[in-house]
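Residue strings, one per chain:
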Amino acid sequence: MLKGKNAVVTGSTSGIGLAIARALAAEGVNVTLNGFGDAAAIEKERAGIESEFGVKAIYSAADLTKGSECAGLVKFAEDTLGSVDILVNNAGVQHVSPVEDFPDDKWDLIIALNLSAAFHAIKAAVPGMKARKWGRIINTASAHALVASPFKSAYVSAKHGIAGLTKTVALETATFGITVNAICPGYVWTPLVEKQIPDTAKARGITEEQVKDFLLAEQPTKEFVTVDQVAALAVFLAGDSARSITGSLQQIDGGWVAE
Ligand code: NAD
């Protein structure tokens, strides 16, 4: 049912986004990759997706902190593949610091990328989805869309914002065959988590070695969520069986927010 659809997955050169792009491609979906990184490694991944799954895979280096580049990414995908049927707003960064020391530029970056980019991409993609009466919008939110942790003021604010955006757009598009949902992962071992280890250690006054256990203390399963588990949930939400799931915040967090 997903075969031949066209997807944009933002922040798909790494981590969760890459796993979602690969999982959609495995279902026969043509994918637009986006994100930063080593050009040769990205090209290898793009070409690998095409040859492994027999789909089209294209790449855009759009910087999604800029609204015009979010809209440009959607237009690039529509012009090249013919449509954007599935939009996965996934690109995100983190910064860990007490609020009184939180750098202004980090606040602006996190709100721009983790929240406003999704608005700009949704705004650009919805007209085509409405016209075709079919669409899937999947926002990678976080357990931090539902609960807070200290020292992550910008991230928690952006992720709570994404939850509101998800529900609002779901209501606006419900009669157009479009669903809008957020995935709320707990800790997933990716570069985003790895990079926050030193700052978390500093903010909490513990060693870097203690941080991993500290993160897992949040998750009753005491296991990191895997990128493939998150990707499988995204594929399910894109499929026909999920037609009646819209405006939802899907927890995939080892029980974190149940506590
Ligand atoms: P990651 O660092 O592996 O991937 C982030 C991606 O975003 C990369 O492809 C990167 O190049 C891209 N990116 C960064 N700045 C960009 C910009 N300005 N424009 C376009 N792309 C940009 O991180 P991840 O852990 O895979 O995170 C993906 C999403 O999942 C984020 O929204 C994050 O908040 C969310 N999330 C992650 C976890 C976790 O534990 N890893 C938990 C919950 C939610």
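Scroll up for the structure.
Source: prediction; values computed, not measured.

For the ligand, the set of nearby residues contains 30 residues, the closest of which are S14, N90, Y155, V188 and T190. Interatomic distance of 2.8 Å between a backbone N/O atom of F36 and an oxygen atom of the ligand. The contact in question runs from an oxygen atom of the ligand to an N or O atom on the side chain of T190, over 2.4 Å. Alone, the ligand offers 830 Å² of accessible surface; in the complex the protein occludes 94% of this. Of all the secondary structure elements, the ones that give two or more residues to the shell around the ligand are α1 (15–26), α5 (153–173) and α6 (191–195). Here the shell around the ligand is composed, by residue class, of 14 nonpolar, 14 polar and two charged.

To continue, consider the sheet that holds strand β2 (residues 30–34). Taking strand neighbours across the sheet as the criterion, the seven strands line up as β3-β2-β1-β4-β5-β6-β7 in an open arrangement whose pairing is parallel. The two strands at the open ends of the sheet, each matched to only one other strand, are β3 (57–60) and β7 (249–252). Put simply, the sheet's adjacent strands are angled 20° from each other on average, direction ignored. Across four bridges, strand β4 (residues 86–89) lies against strand β5 (residues 135–140) in parallel orientation. Note that in β5 the partner of N89 across the bridge is N139. Lying over the sheet, α5 contacts β5, β6 (178–185) and β7, oriented at roughly 160° with respect to β6. Contacts between helix α9 (residues 227–238) and the sheet are confined to β4, β5, β6 and β7, with β6 contributing the most and set at about 165° to the helix.

Right, let's talk about unusual backbone geometry for a bit. Even without being glycine, F151 reaches a positive phi, approximately 75°. Relative to the elements of secondary structure, F151 occurs in the loop between β5 and α5. We classify F151 as partly exposed; its relative accessible area is 26%. In the Ramachandran plot, K222 falls in the positive-phi region, its phi being about 60° despite a non-glycine side chain. One can find K222 in the loop between α8 (208–216) and α9.

Attention now moves to the packing of aromatic side chains. As enumerated under the stated definition, the model contains two aromatic pairs in all. Judged by centre distance (5.0 Å) and plane angle (20°), the rings of Y187 and W256 are stacked. Separated by 69 residues along the polypeptide, Y187 in the loop between β6 and α6 and W256 in the segment after β7 bring together distant segments of the chain. Note on accessibility: Y187 and W256 belong to one class, buried. Pairing W189 with F224 gives two aromatic rings, centres 5.1 Å apart and planes at 65°, and the pair type is edge-to-face. Placement of the pair is W189 in the loop between β6 and α6 and F224 in the loop between α8 and α9, with a sequence separation of 35 residues. Accessibility expressed as a relative area gives 16% for F224, which makes it buried. Sitting above the plane of the W134 ring, K5 keeps its charged end 4.1 Å from the centroid. One cation-aromatic arrangement involves K212 over W189; the distance from NZ or CZ to the ring centre is 4.7 Å.

What counts and what doesn't
- Residues numbered from 1 in each chain as written.
- Predicted model: local features only at pLDDT ≥ 70, side-chain atom pairs only at ≥ 80, totals over all residues.
- Heavy atoms only, no water.
- Near = heavy atom within 4 Å.
- Polar contact = N/O pair within 3.5 Å; in protein donor to acceptor, adjacent residues only side chain to side chain.
- Areas by Shrake-Rupley, 256 points an atom, 1.4 Å probe, with all protein chains shown as cover.
- Helix = DSSP H or I, 4+ residues; strand = E, 2+ residues; numbered from the N terminus.
- Nonpolar A, V, L, I, M, F, W, Y, C, P; charged D, E, K, R; others polar.
- Pairing = 2+ DSSP bridges.
- Axes fitted to C-alpha atoms, helices over the stretch in contact; angles between N-to-C directions.
- Contact = heavy atoms within 4.5 Å.
- Buried < 20%, exposed > 50% of the residue type's maximum accessible area, 1.4 Å probe, protein only.
- Phe/Tyr/Trp six-rings, centres within 6.5 Å; stacked < 30°, edge-to-face > 60°.
- Lys NZ or Arg CZ within 6 Å of the ring centre and 35° of its normal.

Geometry only, nothing functional implied.
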